[in-house]
Number of protein chains: 2
Amino acid sequence: MSIKIGLVGTGTVGGGCIDVLQTHHDDFARDLGLDLELARVCSLIPEQAEAHHVSDIFTLDYHDLINDPEIQIIIELIGGTTIAKSIICEALEAGKHVVTANKALLARAGDEILTRANEFGLEVAFEASVGGGIPIIRPLMHSLTANSIISIMGIVNGTTNYMLTRMDEGFSYAEALAEAQSKGYAEADPTADVDGLDAAAKIAILSSIAYKSLVTIDDVATQGIRTLDAIDLKIAKERGCCIKLLAIGNNTKDGVDVRVHPSMLPAEHPLSQVKGVMNAIYVVGDFVGETMYYGAGAGSHPTASAVISDVIEIARNIECGGGVRLGKPWSKRAAFVSQKDAEFSYYLRLPVSLSAAFDVQVFAKKAGFVLKEAPCAYHDQASGIIHYVMFTEPAAYKTLEAALNSLTCQDGLLMGTSAVIRMVD
Amino acid sequence: MSIKIGLVGTGTVGGGCIDVLQTHHDDFARDLGLDLELARVCSLIPEQAEAHHVSDIFTLDYHDLINDPEIQIIIELIGGTTIAKSIICEALEAGKHVVTANKALLARAGDEILTRANEFGLEVAFEASVGGGIPIIRPLMHSLTANSIISIMGIVNGTTNYMLTRMDEGFSYAEALAEAQSKGYAEADPTADVDGLDAAAKIAILSSIAYKSLVTIDDVATQGIRTLDAIDLKIAKERGCCIKLLAIGNNTKDGVDVRVHPSMLPAEHPLSQVKGVMNAIYVVGDFVGETMYYGAGAGSHPTASAVISDVIEIARNIECGGGVRLGKPWSKRAAFVSQKDAEFSYYLRLPVSLSAAFDVQVFAKKAGFVLKEAPCAYHDQASGIIHYVMFTEPAAYKTLEAALNSLTCQDGLLMGTSAVIRMVD
């Protein structure tokens, strides 16, 4: 008997899902004994449906899918947190399983949605919400379950990783962003990527799973890459390091420590080899030790791979009977480590006017942080700037912030933006 | 209600499993709602049970586990293909699910065991059989199912990867082997590792899953690392490459292409960064593109992580009811690409006596293979050897083999072993 699927959203990922279902329908039937039938497709753009030859099952109204008693699985791929949420909740109320790639929604209302699914005995699967095609959600839920997870560190935003890779090759921030936009990796408004919000949503989801307690996007201390430039990557490379925007979720005795920020890490670290738009998630468990999952973090076909693999898992569960097997969904709220007082070693770069009288040692001393080594000065004659670079002993971010704020008050001293990057072992 | 587990084997991995179950019993109960009880432990070495404080549930006779009607899951960790097979088959006949790390058995009799499990409606789980703690079996079975898998390339033997890493640092083969043995990474008889047999068993298992047809260890064209030495890794490095023992399973239009051999691959390849005893499996799917899974490929606690995660999956399935959801097990035999006529580009090193009259160009021409570039000569004055190094255009292995065999017939010409390494993009 066929398992009927309703798809909402015919954009990049939705189109990819139609491709997978069309390409592999017969393979799924032969190899898995599953007849997956795309029964209904909904979006606001009929042309996209036409381009994928599904006009005959197309509708503009998602209620046509919800109200179809034969559809057992709804795929939600419209994104956003309003209509998408209505679709998912109405699908659950109508007794349908849901597959979604919607990280923004899950990082804000994941507990509500999963609790509702559990009440109805239905599954909401969301492998595609983090790391595109990379299997990471299911490995955390099904393959690392023998462990207490100690730490997660991920490169989970392909846009910023692409930009940092190009900046490592000498591009300025502006050049790297423009190229990412021209290639379709970055939106016209790149805020969600470059300010780390996309990565924050993803680490909230991963931390919720790994630490079995609710972490939302609002719990993530988030710092983006806007103030970085090629010189920072050049200096990192000279020291045998690289700079990545890391999404980090640590399990500590005081609670969950969850944050997104530019990070300087050793070139030997497995994550430092992740280039361009590729993603990787590095997970440490108390028994398994270090593991890493690598692949395409976005794109039509990779993300569709994750969506349809979720559909297949649900279809298998339907076929073999039995209930949903995901355990309790994030029922309790996580305790959090205060980010305000947390201390880290930092890389600090101050672009100062060549003509200014500025003593970097005095600055550090007055600001109240200790330098690990003598500061360096990089002269840029063309622009009349000296970049002072400091590596600090562990210090609170607020200490550095206050020091930087005190500087910007002195007119004409600070030339451009300063960079503050955490050191990661 | 508790789920009772019987463990057979109290060595490295068995001991690790006892550790996990003791450490995390209460966590599993709280987070997953599973009360996993280690009910009975069997091995031939009571002292190992004593060391793990399980003497009270210890027995020397595995039938005590098979005949205990309350035990629902048997963990088999004794290895080998005789008694281990009896234990697994008897456990299935007694209605018990099985978890095993036994790659040798699965690569020889996997179809028989899985078919029997299917007949009984039981699960045989074996995540720990490949890549130690790395989630790779379940990702292939549950997370990449939307894809046709195109290619698998794995560093799946930690011992040889450790040796190659040390040889890359200048150790001779003999020194690297001796160190691996002194650290407990290699057995006194290192055959299974250095001749590639362990890797062959693992790629047979991965290929069977990925290509949904039976591949056994006997189907794998296997070449080990015995003839390599530090000079090969040095030359590779000079060319921006590294040498790894790769286990490869490709899906081609003519059948499955499955082999294990030393491979020279570019330093930028994700697998080239995998150092020491770490393992990684690189999987390419038609929709997901390239993915990689990295972690500890062996060891007590990492491997136990995979075993107990399998136990948890089975326990969840028992708790929520419903049947086994793994689809048909490798029911048909794979078609295979003939390795005899397959052509690859090779790195070829011939150690020739300094005093011999030897023309490498004439040798290549006579042997019938074409060189990609002019050959190089590395003089080793101390030992009186010239190492001639050639990079060939695609050629059949048998052509090279015949050429090398013709050489060794000439007394006093070949000094030591020649190295034949395939080039991988």
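Note that the coordinates shown come from a computational prediction; the quantities given were computed from them, not determined experimentally. (Residues numbered from 1 in each chain as written. Chains lettered and ligands numbered in written order. Predicted model: local features only at pLDDT ≥ 70, side-chain atom pairs only at ≥ 80, totals over all residues.)

Colleague: Hey, could you run me through the overall build of chain A in this one?
Modeller: For chain A, the helix and strand inventory stands at 14 helices and 18 strands. Radius of gyration (C-alpha) of chain A: 24 Å, near the 22 Å computed for a compact globule of 425 residues. Residues classed as buried in chain A amount to 53% of the 425 residues present. Sequence-distant contacts in chain A: of pairs separated by 6 or more residues, those separated by 24 or more amount to 74%. (Helix = DSSP H or I, 4+ residues; strand = E, 2+ residues; numbered from the N terminus. Rg over C-alpha atoms; globule rule 2.2 N^0.38 Å. Buried ≥ 20, exposed ≤ 12 C-beta atoms within 10 Å, placed from the backbone. Contact = placed C-beta atoms within 7 Å.)

Colleague: How should the domain arrangement of chain A be read in this particular structure?
Modeller: By a frequent convention, interface size equals the accessible area lost on bringing the separate parts together. Residues and elements named next belong to chain A. Annotation of chain A at the domain level lists domain 1 (2–132 + 300–320), domain 2 (138–294) and domain 3 (343–423). Contact with domain 1, which involves 12 residues of that partner, is made by 14 residues of domain 2. Across the side of domain 1 that touches domain 2, the residue classes break down as 4 nonpolar, 4 polar and 4 charged. (Domains from an automatic or database assignment. Nonpolar A, V, L, I, M, F, W, Y, C, P; charged D, E, K, R; others polar.)

Colleague: Mind showing me how you'd approach the relation of the copies chain A and chain B here?
Modeller: Two chain copies here: they are related by a rotation about an axis and a translation along the same axis. Its rotation angle being 180°, the transformation that places chain A on chain B also includes 0.0 Å of axial translation and leaves an RMSD of 0.0 Å. Overall, the copies show the geometry of a two-fold rotation axis. Most of the interface of chain A is mirrored in chain B: 100% of its interface residues are interface residues there too. (Least-squares fit on C-alpha atoms with pLDDT ≥ 70 in both.)

Colleague: When you look at the packing of helix 4 (residues 83–93) of chain A against helix 5 (residues 103–120) of chain A in this model, what are you seeing that I'm missing?
Modeller: Residues and elements named next belong to chain A. The N-to-C vectors of helix 4 and helix 5 enclose an angle of 10°; their axes lie 10 Å apart at closest approach. One way to sum up the angle between helix 4 and helix 5 is to call them roughly parallel. The residues of helix 5 that touch helix 4, namely those facing A84, K85, I88, C89 and L92, are L105, A109, I113, R116, A117 and F120. Classifying every residue of the contact of helix 4 with helix 5 gives 9 nonpolar, no polar and 2 charged. (Axes fitted to C-alpha atoms, helices over the stretch in contact; angles between N-to-C directions. Parallel < 35°, antiparallel > 145°, perpendicular 65-115°, else oblique.)

Colleague: What is the right way to look at the interface of chain A and chain B in this model?
Modeller: Facing the 50 residues of chain A at the interface are 50 residues of chain B. When contributions to the side of chain A that touches chain B are tallied by element, the ones reaching two or more residues are helix 1 (12–32), helix 6 (137–143), strand 12 (289–296) and helix 12 (300–320) of chain A. Element by element, the count of residues in the side of chain A that touches chain B is highest for helix 12 of chain A, at 11 residues. Per-class residue counts for the side of chain A that touches chain B are 20 nonpolar, 21 polar and 9 charged. In terms of strand pairing, strand 12 of chain A meets strand 12 (residues 289–296) of chain B through 5 bridges, oriented antiparallel. (Pairing = 2+ DSSP bridges.)

Colleague: Would you explain the packing of helix 5 of chain A against helix 10 (residues 197–211) of chain A in this entry?
Modeller: Two quantities define a packed helix pair, namely the angle between the helix axes and the distance between the axes. Residues and elements named next belong to chain A. It is at 8 Å that the axes of helix 5 and helix 10 come closest, and there the two elements cross at 50°. When the axes of helix 5 and helix 10 are compared, the pair comes out oblique. Judged by the twist between their axes, the crossing of helix 5 over helix 10 is left-handed. Residues K103, A104, L106, A107 and G110 of helix 5 pack against A201, K202, A204, I205 and S208 of helix 10. A breakdown of the residues in the contact of helix 5 with helix 10 according to their chemical character gives 6 nonpolar, 2 polar and 2 charged. (Left-handed = near helix turned anticlockwise from the far one by under 90°.)

Colleague: Any chance you could explain the sheet that holds strand 3 (residues 58–59) of chain B here in plain terms?
Modeller: Strand pairing in a sheet is mediated by backbone hydrogen bonds. Such pairs are either parallel or antiparallel. All names here are of chain B. Spatial strand order, 3-2-1-4-5-6: 6 strands in an open sheet with parallel pairing. Unpaired on one side and paired on the other, strand 3 and strand 6 (124–125) mark the two borders of the sheet. Against the sheet, helix 4 (residues 83–93) touches strand 1 (2–8), strand 4 (71–76), strand 5 (97–100) and strand 6, its axis set at about 165° to strand 4.

Colleague: Quick question: what am I supposed to make of the sheet that holds strand 5 (residues 97–100) of chain A here?
Modeller: All names here are of chain A. Sheet architecture is open: 6 strands sit in the order 3-2-1-4-5-6, paired in parallel fashion. Both edges of this open sheet fall to strand 3 (58–59) and strand 6 (124–125), since each of them pairs with a single strand only. Pairing of strand 1 (residues 2–8) with strand 4 (residues 71–76), which is carried by 5 bridges, proceeds in the parallel orientation. Its bridge partner being in strand 4, L7 is matched across the sheet by I75.

Colleague: Would you mind showing me how to read the pairing of strand 15 (residues 376–380) of chain B here?
Modeller: Residue and element names in this part refer to chain B. The pairing of strand 15 with strand 16 (residues 385–391) spans 5 bridges and is antiparallel. Residue Y378 lies in a different strand from strand 16, and its bridge partner there is H387. The turn linking strand 15 back onto strand 16 is made up of 4 residues, and G384 within it adopts a positive phi angle of 70°.

Colleague: What is the right way to look at the environment of N161 of chain A in this model?
Modeller: Residue and element names in this part refer to chain A. Here N161 lies in helix 7 (residues 158–168). N161 sits 83 residues away from K244 along the chain, and the two C-alpha atoms are 6.8 Å apart. Every residue in contact with N161, bar those within four places of it in the chain, is listed here: I155, K244, L245, V274, G276, V277 and M278.

Colleague: Just to check I follow, could you spell out unusual backbone geometry for this structure?
Modeller: Both trends apply: most residues other than glycine have a negative phi, and most peptide bonds are in trans. Unusually for a residue other than glycine, K212 of chain A sits at a positive phi of about 50°. Along the chain, K212 of chain A falls in the loop between helix 10 and strand 8 (221–222). With 20 C-beta atoms counted inside 10 Å, the residue K212 of chain A sits in the buried group. At H53 of chain B, a residue that is not glycine, the phi angle is positive and equals roughly 60°. Note that H53 of chain B resides in the loop between helix 2 (46–51) and strand 3. The class for H53 of chain B is exposed, based on 9 C-beta atoms found within 10 Å.

Colleague: Explain the pairing of strand 18 (residues 419–423) of chain A to me, please; I cannot follow it from the model alone.
Modeller: Strand residues, when the strand is regular, have side chains that alternate between the two faces of the sheet. All names here are of chain A. Looking at chain direction, strand 10 (residues 255–266) and strand 18 are connected through 2 bridges and run parallel. Bridging from a neighbouring strand, M264 pairs with M423 of strand 18. Examined bridge by bridge, strand 14 (residues 346–353) and strand 18 share 4 bridges and lie antiparallel to one another. By the bridge assignment for strand 18, Y347 is matched with I421.

Colleague: In this structure, what is going on with the environment of M141 of chain A? I would like to understand it.
Modeller: Residues and elements named next belong to chain A. Its place among the elements puts M141 in helix 6. Taking the number of C-beta atoms within 10 Å as the measure of exposure, M141 has 17 and is therefore partly exposed. Taking C-alpha positions, M141 is 29 Å from D26, a pair spaced 115 residues apart along the chain.

Colleague: Is there a simple way to explain the environment of Y293 of chain A in this structure?
Modeller: Structurally, Y293 of chain A is set in strand 12. Taking the number of C-beta atoms within 10 Å as the measure of exposure, Y293 of chain A has 25 and is therefore buried. Taking the C-alpha atoms as reference points, Y293 of chain A and V352 of chain A, 59 residues apart in sequence, are found 41 Å from one another. Excluding residues within four positions of it along the chain, Y293 of chain A makes contact with G131, I134, P135, I136, P139, A280 and I281 of chain A together with Y293 of chain B.

Colleague: What is the right way to look at helix 7 (residues 158–168) of chain B in this model?
Modeller: Residue and element names in this part refer to chain B. Taking burial as the measure, the 11 residues of helix 7 include 9 buried ones, the bulk of the element. The complete set of buried residues in helix 7 reads G158, T159, T160, N161, Y162, M163, L164, R166 and M167. Of the surrounding elements, those touching the buried residues of helix 7 are strand 7 (149–155), helix 8 (173–182), helix 9 (191–194), helix 11 (230–238), strand 9 (241–252) and strand 11 (278–285). In the segment just after helix 7, G170 is the residue with positive phi, at about 115°.

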